[in-house]
Amino acid sequence: MARFVAQRWVMKPTVWSITDVTVLGRERLKGLEGGFVLVANHSSHLDAPLIVGALPRKLSRYLATGAAADYFFDVWWRRGLTSLFFNAFPIQRGGRRGGATKTRTRSNDSNVSAASLLQRGFPVLVFPEGTRSKDGVMGPFKPGAARLAAACDVPIVPLALIGANIAHPRGSNWPRPGRLPVGVAFGDPMRPEADETAIAFSNRLRTEILRLRSQYSADILGSSAPSEGARP
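A few points on the structure. (Residues numbered from 1 in each chain as written. Predicted model: local features only at pLDDT ≥ 70, side-chain atom pairs only at ≥ 80, totals over all residues. Heavy atoms only, no water.)

Moving on: helix H7 (residues 144-152). A turn of α-helix holds 3.6 residues, and therefore any two residues three or four places apart point the same way. Inspection of H7 places Gly-144, Ala-145, Ala-146, Leu-148, Ala-149 and Cys-152 among the buried residues, and these make up the whole buried set. If you follow the buried residues of H7, they end up packed against strand E2 (37-40), helix H6 (114-119), strand E7 (124-126), strand E8 (156-162) and helix H9 (198-221). In the stretch just after H7, Asp-153 is the one whose phi turns positive, near 55°. (Buried < 20%, exposed > 50% of the residue type's maximum accessible area, 1.4 Å probe, protein only. Helix = DSSP H or I, 4+ residues; strand = E, 2+ residues; numbered from the N terminus. Contact = heavy atoms within 4.5 Å.)

Here Arg-132 shows up in the loop between E7 and H7. Despite being buried, Arg-132 has no salt bridge partner; Asp-47 is the closest side chain of opposite charge, sitting 7.0 Å away. Among the polar contacts made by the side chain of Arg-132, one reaches the side chain of His-45 at a distance of 3.4 Å. Those residues in contact with Arg-132, other than ones at most four positions away along the chain, are His-42, Ser-43, Ser-44, His-45, Arg-170 and Gly-171. (Lys, Arg positive; Asp, Glu negative; His and termini not counted. Salt bridge = Lys/Arg side-chain N within 4 Å of Asp/Glu carboxyl O. Polar contact = N/O pair within 3.5 Å; in protein donor to acceptor, adjacent residues only side chain to side chain.)

Now for unusual backbone geometry. A positive phi is found at Asp-153, a non-glycine position, where the angle reads about 55°. With respect to the secondary-structure elements, Asp-153 resides in the loop between H7 and E8. Phi is positive for Asp-195, close to 65°, though the residue is something other than glycine. Its location among the elements puts Asp-195 in the loop between strand E9 (181-186) and H9.

Quick look at the pairing of E8 now. Counting buried residues along E8, seven of its seven residues qualify, which places the element largely inside the surrounding structure. As paired strands, E2 and E8 are joined by four bridges and run parallel to one another. Pairing of Val-37 across the sheet is with Ile-156, part of E8. (Pairing = 2+ DSSP bridges.)

Glancing now at the packing of aromatic side chains. The final tally for this structure, using the stated rule, is one aromatic pair. Lying over the aromatic face of Trp-16, Lys-12 brings its terminal NZ or CZ to 5.1 Å of the ring centre. (Phe/Tyr/Trp six-rings, centres within 6.5 Å; stacked < 30°, edge-to-face > 60°. Lys NZ or Arg CZ within 6 Å of the ring centre and 35° of its normal.)

This part covers the environment of Ala-145. Secondary-structure assignment places Ala-145 in helix H7. Taking relative accessible area as the criterion, Ala-145 reaches 4% and is therefore assigned buried. Expressed as a C-alpha distance, the spacing of Ala-145 and Phe-127, which sit 18 residues apart in the sequence, is 8.3 Å. The contact partners of Ala-145, leaving out residues within four places of it in the chain, are Val-37, Val-39, Val-126, Pro-128 and Ile-156.

This brings us to the pattern of salt bridges. Overall, the coordinates contain four salt bridges when judged by the stated rule. The closest approach of N and O atoms between Arg-191 and Asp-153, which form a salt bridge, is 3.1 Å. One end of the pair, Arg-191, is in the loop between E9 and H9; the other, Asp-153, is in the loop between H7 and E8, and 38 residues separate them in sequence. Accessibility expressed as a relative area gives 57% for Asp-153, which makes it exposed. A salt bridge links Glu-196 to Arg-204; its shortest N-O distance comes to 2.8 Å. According to the relative accessible area criterion, Arg-204 is partly exposed, its value standing at 25%.

The next thing to look at is the nonpolar core. If you look at the biggest cluster of nonpolar residues, it comprises 56 residues, and the most contacted ones within it are Val-37, Leu-38, Leu-50, Ile-51 and Phe-186. The element best represented in this core is H9, accounting for seven residues. Look past the residues within four positions of Leu-50 in its chain and what remains in contact with it is Val-15, Trp-16, Val-21, Leu-161, Ala-164, Val-182 and Val-184. (Core = buried A, V, L, I, M, F, W, Y, C linked by side-chain atoms within 4.5 Å.)

Below you can see the structure in the form of structure tokens.
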């Protein structure tokens, strides 16, 4: 109940009031149940709030978000807020399995991993770049999310975040004034092909997110908006 209030009565109304949000492709989520992995490009602190707010309530209710342990779990107040708003579990950046490694929570001292959450039917949000882009240009994807989905036999839903780095650039404390446009574009659920490696599947996911962003950027930002740079 506390997370519902935090997400739906505090976070979403706040984000939707300070930005102009467009959500595309929600119909592609029809039929999704149980565990699945969400992957997205990452360039702003707006990213996770936009995704949680854009998802249908029945899918966002138990969504668990992988968050960098060295930043979001380093002090008690940030750890508490991150857990409350995003049902977050800590990820050690730079792990050998691209973020899908087992980590230890500090809230109850129990072992929690993305794989165990998926196996219990919880959806998991992962940013495969591992950190926020400094300029909005999408970095290479680590293969951990692709490997995780294949190991747990669950689909991956790719989604493109558009304009978040413009509305709330890395290094800023608050989104820019003026309700700048941002978008969330969902793609069709994807699974690895026969004999496809985790690296190949990860690259295919990245290509799909780039395609979604290219397809919808003009609709969200305006016809003269560049694909990677700042708002015109």
